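One letter stands for each residue in the lines below.
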Amino acid sequence: MCSYPEFSDEGATFRRTKLAWVLTDPTRVKILRFMMSVDSASRGELVERLEIAEPVLTRHLDVLCEVSLLVGDTGQGTVRYRVDESQINRMKNSASEFSTFLDVFIAKRR
């Protein structure tokens, strides 16, 4: 029987796994890093600043929005994207929880 700390539930574990997968793509990380340096940006601004083709950018924005790392706010006919800080905080908490899990695992292996 395993006595390691567990993540809270299967749904949360799936969401964490999907989030980790999202962050394995260098283009999505590039977009997210840029977005963390600004309040918001339109698709056109992102294409220009990051030099990413619009169809490619659109696919990545869809993925980042799907996992709630970015939120698209519509105003005056233009969607402006911004980082969802609450999701970033949840990621930070998950990383801390996983770090604790690894500490316990390593301690039990010694």
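Just above, that's the structure.
Right, let's walk through the structure included here. Since this is a predicted model, take the numbers as computed values, not measurements. (Residues numbered from 1 in each chain as written. Predicted model: local features only at pLDDT ≥ 70, side-chain atom pairs only at ≥ 80, totals over all residues. Heavy atoms only, no water.)

With that settled, consider the overall build of the protein. Each helix and strand in the protein was counted, giving five helices and three strands. Listing the helices and strands of the protein from first to last along the sequence gives α-α-β-α-α-β-β-α. In terms of overall size, the protein is more extended than a compact globule, its C-alpha atoms giving a radius of gyration of 17 Å where 110 residues would be expected to give roughly 13 Å. By residue count, 25% of the 110 residues in the protein fall in the buried class. When the accessible surface of the protein is totalled, it reaches about 7700 Å², and 52% of it is carbon and sulfur. If the 16 positive side-chain charges of the protein are averaged to one point and the 16 negative ones to another, these points end up 5 Å apart. (Helix = DSSP H or I, 4+ residues; strand = E, 2+ residues; numbered from the N terminus. Rg over C-alpha atoms; globule rule 2.2 N^0.38 Å. Buried < 20%, exposed > 50% of the residue type's maximum accessible area, 1.4 Å probe, protein only. Areas by Shrake-Rupley, 256 points an atom, 1.4 Å probe, with all protein chains shown as cover. Lys, Arg positive; Asp, Glu negative; His and termini not counted. Charge placed at Lys NZ, Arg CZ, Asp CG, Glu CD.)

In this section: the side chain of His60. Assignment of secondary structure puts His60 in helix α4 (residues 54-66). Within the structure, the side chain of His60 is placed 3.3 Å from the side chain of Arg28, a separation counted as a polar contact. Sequence-distant contacts of His60, defined by excluding residues within four places in its chain, comprise Asp25, Thr27, Arg28 and Ile31. (Polar contact = N/O pair within 3.5 Å; in protein donor to acceptor, adjacent residues only side chain to side chain. Contact = heavy atoms within 4.5 Å.)

On to the nonpolar core. One finds Ile31, Met35, Leu46, Leu61, Leu69 and Leu70 to be the most contacted residues of the largest nonpolar core, which totals 20 residues. Contributions of two or more residues to this core are made by α1 (10-22), α2 (26-35), α3 (43-50), α4 and β3 (78-83). Residues within four places of Ile31 in sequence aside, it is in contact with Leu50, Ile52, Leu57, His60, Leu61, Leu64 and Leu70. (Core = buried A, V, L, I, M, F, W, Y, C linked by side-chain atoms within 4.5 Å.)

The subject of this paragraph is helix α5 (residues 85-109). Its 25 residues place the ends of α5 36 Å apart at the C-alpha level, agreeing with the 36 Å of an ideal helix rising 1.5 Å per residue. Within the span of α5, buried status applies to Gln87, Ile88 and Ser94. (Expected span 1.5 Å × (residues − 1).)

This brings us to the pattern of salt bridges. Here the idea is simple: oppositely charged side chains can pair when their charged atoms come close. Under the defined criterion, the tally for this structure stands at three salt bridges. Between Glu45 and Arg80 there is a salt bridge, with its nearest N and O atoms 3.1 Å apart. Note that Glu45 is positioned in helix α3 and Arg80 in strand β3, a separation of 35 residues in sequence. A relative accessible area of 34% means that Glu45 is categorised as partly exposed. For Arg82, the salt bridge identified is with Asp73, shortest N-O distance 2.7 Å. (Salt bridge = Lys/Arg side-chain N within 4 Å of Asp/Glu carboxyl O.)

Here the focus is the pairing of strand β2 (residues 70-75). Pairing between β2 and β3: six bridges, direction antiparallel. Counted as the bridge partner of Thr74 is Val79 from β3. Hairpin connection of β2 to β3: two residues between the antiparallel strands, including Gln76 at a positive phi of 55 degrees. (Pairing = 2+ DSSP bridges.)

So, on to the sheet that holds strand β1 (residues 41-42). Here three strands make up an open sheet; going across it, the order is β1-β3-β2 and the pairing antiparallel. Of all the strands in the sheet, just β1 and β2 have a single pairing partner and so form its edges.

Right, let's get into a nonpolar patch on the surface. Together, Phe98, Leu102, Phe105 and Ile106 make up an exposed nonpolar region whose accessible area comes to about 310 Å². Note on placement: Ile106 falls in helix α5. (Patch = residues over 30% accessible without salt bridge, like charges linked within 9 Å, V, L, I, M, F, W, Y side chains within 5 Å.)

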